[in-house]
Structures are given as C-alpha cells and as structure tokens.
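One letter stands for each residue in the lines below.
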Amino acid sequence: ATATATATATATTTTTTTTSITPITDLVLYPPVNFSKVCKGIYRCGFPTKKNFQFLKTLRLKSIIYLCEEEYPPSNLKFVTTHGISLLEFGGSGNKEPFTHMDTTQTRKAVRAAMNPDNQPVLIHCNQGKHRTGCVVGCIRKEMNWSLCSIFNEYRMLSHPKERFLDQQFIELI
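Reading the values: the criteria
Residues numbered from 1 in each chain as written. Predicted model: local features only at pLDDT ≥ 70, side-chain atom pairs only at ≥ 80, totals over all residues. Heavy atoms only, no water. Patch = residues over 30% accessible without salt bridge, like charges linked within 9 Å, V, L, I, M, F, W, Y side chains within 5 Å. Areas by Shrake-Rupley, 256 points an atom, 1.4 Å probe, with all protein chains shown as cover. Salt bridge = Lys/Arg side-chain N within 4 Å of Asp/Glu carboxyl O. Buried < 20%, exposed > 50% of the residue type's maximum accessible area, 1.4 Å probe, protein only. 1 Å grid on protein atoms, 1.4 Å probe; cavity = no way out; pocket = protein on both sides within 12 Å on 5 of 7 lines; lining within 4 Å. Points joined across faces, edges and corners; volume = space filled by probe spheres on them. Helix = DSSP H or I, 4+ residues; strand = E, 2+ residues; numbered from the N terminus. Nonpolar A, V, L, I, M, F, W, Y, C, P; charged D, E, K, R; others polar. Polar contact = N/O pair within 3.5 Å; in protein donor to acceptor, adjacent residues only side chain to side chain. Contact = heavy atoms within 4.5 Å. Expected span 1.5 Å × (residues − 1). Pairing = 2+ DSSP bridges. Axes fitted to C-alpha atoms, helices over the stretch in contact; angles between N-to-C directions.

Caption draft 1: Layout of a nonpolar patch on the surface. On the surface, a nonpolar cluster with roughly 240 Å² of combined accessible area is contributed by Met115, Met144 and Trp146. In this structure Trp146 comes out as partly exposed when scored by relative accessible area, which is 34%.

Caption draft 2: Main features of empty space enclosed by the protein. Inspection of every chain in the model, using the stated rule, returns one cavity of 30 Å³ or more. One number sums up the size of the largest cavity: a volume of about 70 Å³. Looking at the largest cavity, the residues that line it are Leu67, Phe90, Gly91, Gly92, Ser93, Met102, Asp103, Gln106, Thr107, Arg132 and Val136. For the lining of the largest cavity, the secondary structure elements donating two or more residues are helix H5 (104-115) and helix H6 (131-143). For the lining of the largest cavity, the residue count by class is four nonpolar, five polar and two charged.

Caption draft 3: The layout of surface pockets, seen in detail. A volume near 220 Å³ is recorded for the largest pocket. The wall of the largest pocket is formed by Ser93, Gly94, Lys96, Cys126, Asn127, Gln128, Lys130, His131, Arg132, Pro161, Lys162 and Arg164. Taken together, the residues of the lining of the largest pocket break down into two nonpolar, five polar and five charged. Empty space within the second largest pocket amounts to approximately 150 Å³. In this structure, the second largest pocket is lined by Arg108, Val111, Arg112, Met115, Cys139, Lys142, Glu143 and Ile174. Among the elements of the structure, H5 and H6 are those that each provide at least two residues to the lining of the second largest pocket. Of all the elements, H5 adds the most residues to the lining of the second largest pocket, at four residues. Of the residues in the lining of the second largest pocket, the class split is four nonpolar, no polar and four charged.

Caption draft 4: Expanded view of the side chain of His131. Within the fold, His131 resides in helix H6. The exposure class of His131 is buried, given its relative accessible area of 12%. Side-chain polar atoms of His131 contact the backbone oxygen of Lys162, separated by 3.3 Å. Ignoring sequence-local partners within four residues, the contact set of His131 consists of Tyr155, Ser159, Lys162, Arg164 and Asp167.

Caption draft 5: Layout of H6. For H6, which comprises 13 residues, the first-to-last C-alpha distance of 18 Å matches the rise-based estimate of 18 Å (1.5 Å per residue) to within 8%. With 11 of 13 residues buried, H6 is to be regarded as a mostly interior element. Among all positions in H6, only His131, Arg132, Thr133, Gly134, Cys135, Val136, Val137, Gly138, Cys139, Ile140 and Arg141 are buried. Buried-residue contacts for H6 involve strand E1 (36-39), strand E2 (42-45), H5, strand E5 (122-125), helix H7 (148-159) and helix H8 (165-173).

Caption draft 6: Structural context of unusual backbone geometry. The peptide bond linking Gln120 to Pro121 adopts the cis configuration, its omega dihedral lying at 0°. Tracing the sequence through the fold places Pro121 in the loop between H5 and E5. Note that the residue after His160, namely Pro161, is joined by a cis bond; omega there is 5°. Along the chain, the position of Pro161 falls in the loop between H7 and H8. Residue Arg60 is not a glycine yet carries a positive backbone phi of 55°. Relative to the assigned elements, Arg60 resides in the loop between helix H3 (53-59) and strand E3 (63-66). A positive phi angle, close to 65°, is found at Asn145, a residue other than glycine.

Caption draft 7: Representation of the sheet that holds E1. Within the open sheet, the five strands sit side by side as E1-E2-E5-E3-E4. Their pairing is mixed. Every interior strand has two partners, whereas the edge strands, E1 and strand E4 (86-89), have only one. Taken over all neighbouring pairs, the strand axes of this sheet differ in orientation by 25° on average, direction set aside. With four bridges connecting them, E3 and E5 associate as parallel partners. Note on E5: the bridge partner recorded for Ile65 is Ile124.

Structure follows, in structure tokens:
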C-alpha cells in the first residue's frame, strides 16, 4: 500500500517553469511603403515612420538621402542620431506640369552621394518613394548602364498608377 501511495504522490507532483514569450507583434518587421533594394548597399522607399524603425535597423544604414523640401520630423531625426546615421538632404520639388521641375544639380549630387561607398548602405526616400526617388534611382540606373527601356519599366512599376512623363523625360535628359 505504501508503494502505491508513493507512486501516486510522485505522479501528482509537478514543476512549474515560467517562460517569457515575446508578443508576435514585436517580432514583425514593417518595411516602409515602396521599399526595395536598388543594388548592393542602396535601398529606396517612401517616407519611413516609427512603425518602420525596427526594420530599418536591420539594414545597418550609414546614410539616408532625403529628397523632400520639408524639414525632417523630430522622431525621424531622433532615430537617425541615435543610430549614427548621416542625414543627407537634397530637398526639392518633383516634376509637375506645367512649371515645376526637379533641380538637376541637386539630383546629380544625390546620385553621387548614393553611389559613394562611404555612404553605404544608404536609403533614398521622398514622401511616397515614387517620383523624386524614382528619378534619382533612374539616374543611378543610367550610371549602371541600364537601358532606358529597363529604367522606365522599373520607374512605371514603382510609380503606378501615377507615372509622370516629365519624370521619364528628366531621367533621359539629365
């Protein structure tokens, strides 16, 4: 009888261990809108938000090329300075009919900055990652000896449904 009682007591004794489980939402990385890799060391996207910061950390960026006229928001500035990222600003307006055109000098400077290995890995962005970013990336593609047909196909794919003829003309003529 005592052997049965001991076996029963041993079987009912349990050990509880507590493990910390990370919520699934903390494990999910959110890339910015229109994010894509241009080539080794160069990325492009629309305006990153706080939701995208964890994803951006994985890129180990050295630089961000910002193509908008507006000041960089405080939360983004804090992210950049906290992670030792250089903010390179080449602000300007996009190509819009009838009288607004991108600045060719600023665009050339942005292309040189993006292609400079000292700045890579680098992220290029404007508001939506379509027009100004598309023009700078198109000019980078020209430097990489891509055909205009391939450059325009990529531009149209990433700027759809608001492709701008002026952007394609800008890429061709710069």
